[in-house]
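Understanding the architecture of this molecule
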Amino acid sequence: LLRPERLVLHFQPIVNLRSDAVHLEALLRLEHPRLGRINPEKFFLVCELRGRTQQADRLIVRNALEQARHWHAGGQALVLHVNIAPVTLMASGFADWLDAEIAQRGLAPCHVRLELTEHAITANGMHMQRCVSELHARGIQVVMDDFGAGFSSLGLLANLPLASIKCDRLFLRDVANDVRRQILLRHVAAMAHELDISATVEGVETEDELRSVVACGIDSIQGYLFARPMPGADVPHWLEHTGPERLRALRAVLAAPQPAPTA
């Protein structure tokens, strides 16, 4: 599977409801003629066990950048999010390699954001901070994924030049009725605004969840309610036609009056 043509990427939109800006997250889809569909988590686990994580990550990054190059050639300058393992990001020479790959395709560093899990960032301490700061100095932003799913070190948010935090779907569990989760989300949103970084909630699938996260002050959402992952070739048409319709539908949900709660 460690061949570019096997590492197929689909792309899921992330929408900022304040600015209407849309980013895209690259998601791996694996299928083999003999093995059938393969769970990406299992694939990455085997890569880790066999010492092939960096090779896999770099192939995926190249595939994602190639797709971004096609979009940009068609006049759509999109921001692309790519998940990456800490061992890849912290490898010697990675920042130089990524810089060269971006420039080779005529892209700008601001068009690429790397997503790392909260655990990966907190577990790697000062080395991770130095690597993230080096990427930031080159204009390449880093996003903390799965925020709130593990043992957050809030002090890291002060030390790291992060572009965004993505709240884990755990925050959405019965959020429309769970006052404690609503309080947590409000504080996360307020903290992100004070730090001048964006906050995204992923996994938004229902209208109740949408209303709840927006009421808590969250700017960006990702999830099936807005869009499912799609092949890269489908993205331009989706952005021109389907995306605006979906955004109008979200705004209609938020604008609709809600019945008063029963006693």
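Residues numbered from 1 in each chain as written. Predicted model: local features only at pLDDT ≥ 70, side-chain atom pairs only at ≥ 80, totals over all residues. Heavy atoms only, no water.

Looking now at the overall build of the chain. Within the chain one finds 10 helices and 10 strands. Scaling as 2.2 N^0.38, a compact globule of 263 residues should have a C-alpha radius of gyration of about 18 Å, and the chain matches this with 19 Å. Along the three orthogonal principal directions, the C-alpha set of the chain runs to about 60 × 40 × 35 Å. Looking at the chain as a whole, 46% of its 263 residues qualify as buried. Of the accessible surface of the chain, which amounts to about 13400 Å², a share of 52% is contributed by carbon and sulfur atoms. Of the charged side chains in the chain, 27 are positive and 30 negative; the average position of the first set lies 5 Å away from that of the second. (Helix = DSSP H or I, 4+ residues; strand = E, 2+ residues; numbered from the N terminus. Rg over C-alpha atoms; globule rule 2.2 N^0.38 Å. Buried < 20%, exposed > 50% of the residue type's maximum accessible area, 1.4 Å probe, protein only. Areas by Shrake-Rupley, 256 points an atom, 1.4 Å probe, with all protein chains shown as cover. Lys, Arg positive; Asp, Glu negative; His and termini not counted. Charge placed at Lys NZ, Arg CZ, Asp CG, Glu CD.)

Attention shifts here to the pairing of strand β6 (residues 141-147). With respect to burial, β6 is a largely interior element, 6 of its 7 residues being buried. In this structure, strand β5 (residues 112-117) lies alongside β6, joined through 5 bridges in parallel fashion. Residue pairing across strands places R113 opposite Q141, the latter belonging to β6. Looking at chain direction, β6 and strand β7 (residues 164-167) are connected through 3 bridges and run parallel. Within β7, the position partnered with V143 by the bridge is S164. (Pairing = 2+ DSSP bridges.)

With the rule as written, the count across this model stands at 4 aromatic pairs. Ring geometry for F226 and W238: centres 5.3 Å apart, planes at 90°, overall edge-to-face. Taken as a pair, F226 in the loop between β9 (220-222) and β10 (230-231) and W238 in helix α10 (residues 235-255) lie far apart in primary sequence, 12 residues in all. F226 sits in the buried class, given a relative accessible area of 2%. Assessed through its relative accessible area of 10%, W238 is described here as buried. For R58, the ring lying beneath its charged end belongs to W97, and the centroid distance is 4.6 Å. When the ring centre of Y224 is taken as origin, the NZ or CZ atom of R228, which lies over that ring, is 3.9 Å away. (Phe/Tyr/Trp six-rings, centres within 6.5 Å; stacked < 30°, edge-to-face > 60°. Lys NZ or Arg CZ within 6 Å of the ring centre and 35° of its normal.)

Summed over the entire model, instances satisfying the criterion amount to 17 salt bridges. The residue E25 makes a salt bridge to K166 at a minimum N-O spacing of 2.9 Å. Of this pair, E25 sits in strand β2 (residues 22-32) while K166 sits in strand β7, and the two are 141 residues apart along the sequence. Comparing E25 with K166, the two get one shared label, buried. (Salt bridge = Lys/Arg side-chain N within 4 Å of Asp/Glu carboxyl O.)

With that out of the way, let us pick up unusual backbone geometry. In this structure, D146 is a non-glycine residue whose phi angle is positive, near 60°. By the secondary structure assignment, D146 is in strand β6. Taking the relative accessible area as the measure of exposure, D146 reaches 25% and is therefore partly exposed. Positive phi, normally seen in glycine, also occurs at D196, with a value near 65°.

Now for the packing of helix α9 (residues 207-215) against α10. At their nearest, the axes of α9 and α10 sit 10 Å apart, and the two run at 75° to each other. What the angle tells us is that α9 and α10 run roughly perpendicular. On α10, the residues touching E207, L210, R211 and V214 of α9 are L250, V253 and L254. Residues that form the contact of α9 with α10 fall into these classes: 5 nonpolar, no polar and 2 charged. (Axes fitted to C-alpha atoms, helices over the stretch in contact; angles between N-to-C directions. Parallel < 35°, antiparallel > 145°, perpendicular 65-115°, else oblique. Contact = heavy atoms within 4.5 Å. Nonpolar A, V, L, I, M, F, W, Y, C, P; charged D, E, K, R; others polar.)

This paragraph deals with the nonpolar core. Formed by 76 residues in total, the largest nonpolar core has its most connected members in L80, L89, L98, L114, I165, L185 and I221. The biggest single contributor to this core is helix α2 (residues 53-73), with 8 residues. Residues in contact with L89, not counting those within four places in the same chain, are I84, F94, L114, L116, M128, C131 and L135. (Core = buried A, V, L, I, M, F, W, Y, C linked by side-chain atoms within 4.5 Å.)

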